[in-house]
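Summary of structural features
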Amino acid sequence: MKAAVVTQLGQPIEIQDRQVPEPSTDQVLVRIEASGLCHTDIHAAHGDWPVKPTPPFVPGHEGVGIVEKLGSSVTAHQLGDRVAIPWLGQACGDCRYCVDGRETLCESQQNSGYSIDGAFAEYAVVDARYAVTVPAGVEPFDAAPLSCAGLTSYKSVKVARVQPGETVVVFGIGGLGHLAVQYARLVGATVIAVDIDDEKLALATSLGADHVVNAAKVDPVVAIADLGGADVALAYAVAPVAFNQAFASLNRGGRLICVALPAEGTMSIPIFDTVLKGIEIIGSIVGTRQDLAEVFRLHAQGRTRVIAEGRKLEQVNDAIEELRAGSIAARLVFEF
Ligand code: NAD
Ligand code: ZN
Ligand code: ZN
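All of the points below concern the structure found in this document. Computed from a predicted structure; not experimentally measured.

Some thoughts on the overall build of the chain
Regarding its fold elements, the chain presents 10 helices and 17 strands. A compact globule built from 336 residues would reach a C-alpha radius of gyration of about 20 Å, and the chain, at 19 Å, matches this within 12%. Considered along the principal axes of its C-alpha atoms, the chain spans approximately 60 × 40 × 35 Å. Counting only residues that meet the buried cut, the chain has 54% of its 336 residues in that class. Partitioning the intrachain contacts of the chain with sequence separation of at least 6 by distance along the chain shows that 68% fall at a separation of at least 24. If you sum the accessible surface of the chain, you get close to 14000 Å²; carbon and sulfur atoms cover 50% of it.

A word on the sheet that holds strand β14 (residues 250–258)
Here six strands make up an open sheet; going across it, the order is β12-β11-β10-β13-β14-β15 and the pairing parallel. Strands at the two margins of the open sheet, each flanked by one partner only, are β12 (211–214) and β15 (280–283). Strand-to-strand twist across the sheet, computed as the mean angle between neighbouring axes with direction ignored, equals 20°. When strand β13 (residues 230–235) meets β14, the two strands line up parallel, connected through five bridges. Within the sheet, the bridge partner assigned to A233 lies in β14 and is L256. Across the sheet, helix α7 (residues 240–248) lies against β10 (167–171), β13, β14 and β15, angled at about 150° from β14, the strand it touches most.

A closer look at the site of ligand 1
Close contacts around ligand 1 come from 29 residues, with H39, T40, D195, V286 and R331 the closest. Taking T40, its side chain carries an N or O atom lying 2.7 Å from an oxygen atom of ligand 1. Coverage of ligand 1 by the protein amounts to 92% of the 870 Å² it exposes when considered alone. Contributing elements (two or more residues each) for the shell around ligand 1: α1 (39–46), α3 (140–159), α4 (175–186) and β11 (190–195). Element by element, the count of residues in the shell around ligand 1 is highest for α1, at three residues. Grouping the constituent residues of the shell around ligand 1 by class yields 18 nonpolar, eight polar and three charged. When we break the shell around ligand 1 down by domain, the ones giving at least three residues each are domain 1 (2–148 + 287–335) and domain 2 (161–283).

A look at the nonpolar core
Formed by 74 residues in total, the largest nonpolar core has its most connected members in V170, L234 and F296. For this core, the element with the most residues is α3, which contributes eight residues. Looking at which domains feed residues into this core, each of domain 1 (2–148 + 287–335) and domain 2 (161–283) supplies at least three. Once residues lying within four places of it in the same chain are set aside, the contact partners of L234 are S156, V157, A160, V168, V169, V170, F171, A180 and I257.

Section: the packing of aromatic side chains
Each aromatic ring pair is described using two quantities: the centre-to-centre distance and the angle formed by the ring planes. This structure, assessed with the given rule, holds four aromatic pairs. Arranged with centres 5.1 Å apart and planes meeting at 80°, the rings of F120 and F334 form a pair that is edge-to-face. With a gap of 214 residues between them, F120 in the loop between β7 (110–111) and β8 (123–127) and F334 in strand β17 (residues 331–335) connect regions that are remote in the sequence. Accessibility assignment for this pair places F120 and F334 in one class, buried.

Some details on the pairing of β10
Counted residue by residue, β10 has five buried out of five residues, so it is predominantly covered. Burial along β10 is two-sided: T167, V169 and F171 and V168 and V170, pointing in opposite directions, are all buried. Taken together, the five bridges between β10 and β11 define a ladder with parallel strand orientation. The partner of V170 across the bridge, within β11, is A193. Crossover β10 to β11 through α4 is right-handed. In this structure, β10 lies alongside β13, joined through four bridges in parallel fashion. Paired with V170 across the strands is L234, a residue of β13.

A look at the coordination of the zinc ion (ligand 2)
C92 (SG), C95 (SG), C98 (SG) and C106 (SG) make up the full set of protein donors to the zinc ion (ligand 2), lying at 2.3 to 2.4 Å. For the zinc ion (ligand 2), the four donor atoms in the first shell make angles of 105 to 117° at the metal, so the coordination geometry reads as tetrahedral. All donors of the zinc ion (ligand 2) come from a single chain, and their spacing in sequence reads C-x2-C-x2-C-x7-C.

Cut-offs and rules
Here the residue numbering is sequential within each chain, running from 1 through the sequence in written order. Working convention: letters from A go to chains and numbers from 1 go to ligands, in the order in which they are written. Side-chain atom pairs in this predicted model are given and counted only at pLDDT of 80 or more, local residue features only at pLDDT of at least 70, and totals for whole chains, interfaces and linings cover all residues. Excluded from the side-chain calculation are hydrogens and water; included are all heavy atoms of the structure. Only DSSP runs of H or I reaching four residues or more are called helices, and only runs of E reaching two or more are called strands; each is numbered from the N terminus. Here the globule rule reads 2.2 Å times residues to the power 0.38, and the radius of gyration is calculated from C-alpha atoms. For every residue, the accessible area (1.4 Å probe, protein chains only) is compared with the maximum for its type, and the residue is labelled buried under 20%, exposed over 50%, or partly exposed between those bounds. Any two residues having at least one pair of non-hydrogen atoms within 4.5 Å are treated as being in contact. Methods summary: accessible areas were calculated by the Shrake-Rupley approach with a probe of 1.4 Å, and residue burial reflects only the protein chains presented. Whether two strands pair depends on DSSP finding at least two bridges between them. Simply put, an axis is a line fit to the C-alpha atoms, just over the touching stretch for a helix, and the angle between two N-to-C directions goes from 0 to 180 degrees. One heavy atom within 4 Å of a molecule or strand makes the whole residue count as near it. Under the rule applied, a polar contact is a pair of N or O atoms within 3.5 Å (in protein, one hydrogen donor and one hydrogen acceptor; residues adjacent in sequence only if both atoms are side-chain atoms). Under the scheme applied here, ten amino acids are nonpolar (Ala, Val, Leu, Ile, Met, Phe, Trp, Tyr, Cys and Pro), four are charged (Asp, Glu, Lys and Arg), and all others, including Gly, are polar. For each domain, the first and last residues come from an automatic or database assignment. Here the nonpolar core consists of buried residues drawn from Ala, Val, Leu, Ile, Met, Phe, Trp, Tyr and Cys, with membership extended through side-chain atoms lying within 4.5 Å. By convention, a stacked pair of Phe, Tyr or Trp rings (six-membered ring in the case of Trp) has centres within 6.5 Å and planes under 30 degrees apart, an edge-to-face pair has planes over 60 apart, and any other such pair is tilted. When the strands point away from the viewer, a crossover counts as right-handed if the route from the first strand across the helix to the second turns clockwise. Ligating atoms shown are N, O and S within 2.8 Å of the metal, or 3.2 Å for Na, K and Ca, and water is not included, meaning a site may look less than complete. Angle rules define the geometry names used: all angles between 85 and 135 degrees makes four donors tetrahedral, while opposite donors over 155 degrees apart and all other angles between 65 and 115 make four donors square planar and six octahedral, leaving every other case irregular.

Dropping the structure here:
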């Protein structure tokens with residue numbers, strides 16, 4: 001089978017011919033139909049973060065495809081099921097986080113496309129219990145970006161506890177942000193979209209954003225203050241400066257939700273303002289299997305739109321350059 005492999009951190013990804021993997025007793029073999037390119041895959045291939053992946057590995061955690069083989073003890077899926085392979089490739093199932101509904105905090109988790117091989121390949125194996133069913137009514141091309149960009153942005157709107165009538169500012173209208181605009185609208189918020197690219201902002205408007213701010217042209221903190229400030233700031237821009245701006249945009253009682261993971265990852269938060277304004281700063285990491293089921297259900301009901309362009313797996317290095325340059329609409333999806 002064809003697979004995109006990181007053989008050395010920071011080097012171009014190689015297309016290799018590999019053996020189709022055999023599912024172990026708890027796994028299923030999935031024939032991949034569509035596989036989204038998340039900015040996290042770039043961080044992984046570059047080794048941007050303190051905990052680095054070990055090459056060689058196959059990136060990709062927005063994989064969607066058909067179950068073609070079952071491990072001997074699998075009961076969660078059947079042959080022919082369409083499933084998603086998300087970032088949470090496996091968790092222990094027994095720790096305090098797994099049992100209290102916070103499985104994405106499990107300390108024994110495996111991550112698809114990072115600590116275990118992911119979905120940039122014609123076939124992938126996944127723990128059957130962590131492969132999430134893609135329901136009828138959600139096309140594989142849409143399901144792929146929903147499996148991380150949708151899931152993560154949905155979860156961050158949830159942990160922000162957005163109330164109807166609040167103002168939510170979304171920093172970064174890429175894969176995650178273009179869906180966050182829609183989830184924030186669904187819970188009744190007024191939405192301000194911030195990006196450094198006018199085309200991304202035009203997209204945000206078409207998806208329901210009430211206001212847009214180009215942070216390359218004006219100071220977003222001033223522009224957001226002029227709009228009345230924000231109750232929730234969602235940080236998806238791969239730029240530390242955007243975290244500082246997001247914080248400074250908040251009204252009293254505001255919540256800053258940290259989601260993006262830029263390589264030079266430090267933000268500077270004034271203690272005085274945090275305390276006096278009663279600001280909450282919250283980290284949000286992907287979402288649970290249940291969250292993803294909810295994301296798929298909303299999409300099947302026609303409540304969300306995925307904006308994506310197709311590519312071939314052989315174009316993986318060009319696709320990474322396109323995503324880094326910000327020259328794509330919102331998401332790229334490898335189609336098989
Ligand atoms: P993306 O490249 O599709 O989107 C980033 C957007 O930010 C782009 O539209 C870009 O134009 C915009 N941007 C860049 N600099 C900006 C600035 N200074 N101000 C405003 N906007 C700016 O990336 P993505 O796939 O949406 O991922 C975003 C980040 O989230 C990445 O760091 C990724 O690793 C991280 N991520 C985190 C989680 C999690 O669970 N916490 C999950 C998925 C992705
Ligand atoms: Zn656990
Ligand atoms: Zn992702």
